[in-house]
Amino acid sequence: PIGRPYLTLLIDVFSGCVLGYHLSYKAPSYISAAKAITHAIKPKSLNNGLDVELQNDWPCHGKIETLVVDNGAEFWSESLEHACREAGINIQYNPVRKPWLKPFVERFFGTINQLFLKDFPGKTFSNILEKEEYKPEKYAVMRFSTFVEEFQRWIVDVYHQESNARETRIPIKRWQQGHEALPPLDMNEAEELRFKMIMGVKFKRTLTRNGFKLEDLMYDSTALADYRKRYPQSKASSKKVIKVDPDDLSSINVYLEEFERYLKVPCTDTTGYVRNLGLYKHRVIKKFRREQTREQRNDLGLAKARMAIDERVQQEQEVFNTTKSKR
């Protein structure tokens, strides 16, 4: 077993339909929130790149006007506030210790546990009394890719098509009603690309004569060099906002105040290292390299060399003091 995945998802309050989600083994962060939001606003193809055949469409998408979030650390981030402000999305935070004001996602997690995960081998339990002697890691048999495919099938072909417990609505029918009365605005291809860009992770880095340095990688281009020549920067203005796609470090997007837009700047690496390289993977590689270097270092030899240097400096000092006193 490779672990227990985390689910981040968005629900349309009016219909109860799932707008988008993100599943990952990384702990919840701004990245998982941004990926789920991006998935929510984009149109979904019939099979969405999966190998399963779905019976129904997943028409839920469009620009978000108000995003209501709970008080998880992944939602209290400068990156999320900055991205939503640029995208024209209003963020509404639920008050602390008032769970009755945020029942929609919590209730849906319960629905997933009861109706989708109930008979899955390897599932975990929220209640230790339910778990008893059951060991999830012993019985886990499903590949992650299979789980993602079947989770999406369950959303589109089961949950969206089934009436709720009180039989007052069917999510997909309610979505269609709302869409006819007040359809959410669609994004064109250029808007989708811009939205994906501004939902990247936000950093502040200093513009130098060699470009930008991020996570020990350098970024520069002819266009950025021309910008440096035309617009000399002060110490304050040289600190720029950059947006990074956490799944692709081959380039960054730098906000240029003079033009009020972003400039795409490629990584200067020519070895092919950044091809298909994500932020998480790069940090793991850096950590591994540091551990390798640490193992190869001769700490005893270094300590002896430093002691020899200190001793030699002390001897020189003593000789100098002796010579000075004789004068």
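For the structure itself, look to the data block above.
Residues numbered from 1 in each chain as written. Predicted model: local features only at pLDDT ≥ 70, side-chain atom pairs only at ≥ 80, totals over all residues. Heavy atoms only, no water.

So, about the pattern of salt bridges. If charged atoms from side chains of opposite charge come close, those side chains can pair. A complete count under the given rule lists 12 salt bridges for this structure. Of the charged contacts, one joins Lys 63 and Glu 191 as a salt bridge, the two residues approaching to 3.5 Å between their closest N and O atoms. Of this pair, Lys 63 sits in the loop between helix H1 (30-41) and strand E3 (66-69) while Glu 191 sits in helix H8 (residues 189-198), and the two are 128 residues apart along the sequence. Residue class for Lys 63 comes out partly exposed when judged on its relative accessible area of 34%. Salt bridges sharing common partners tie together Glu 215, Asp 216, Arg 283 and Lys 286. (Salt bridge = Lys/Arg side-chain N within 4 Å of Asp/Glu carboxyl O. Helix = DSSP H or I, 4+ residues; strand = E, 2+ residues; numbered from the N terminus. Buried < 20%, exposed > 50% of the residue type's maximum accessible area, 1.4 Å probe, protein only.)

Within the secondary structure, His 39 is located in helix H1. At a separation of 3.0 Å, a polar atom in the side chain of His 39 contacts the main-chain amide nitrogen of Tyr 21. (Polar contact = N/O pair within 3.5 Å; in protein donor to acceptor, adjacent residues only side chain to side chain.)

Looking down a regular strand, the side chains alternate between one sheet face and the other. In terms of burial, strand E8 (residues 239-245) is a largely internal element, five of the seven residues being buried. As paired elements, strand E5 (residues 201-206) and E8 share six bridges and run antiparallel to each other. Paired with Arg 205 across the strands is Lys 240, a residue of E8. Sheet analysis places E8 next to strand E9 (residues 248-256), joined by three bridges and oriented antiparallel. Considered in E9, the bridge of Lys 243 is made with Asn 253. The hairpin turn running from E8 into E9, its antiparallel successor, is two residues long. (Pairing = 2+ DSSP bridges.)

Tracing the backbone through its elements, the reader meets Val 105 in helix H3 (residues 103-116). Each C-alpha atom of the pair Val 105 and Val 18 lies 9.6 Å from the other, and the pair is 87 residues apart in sequence.

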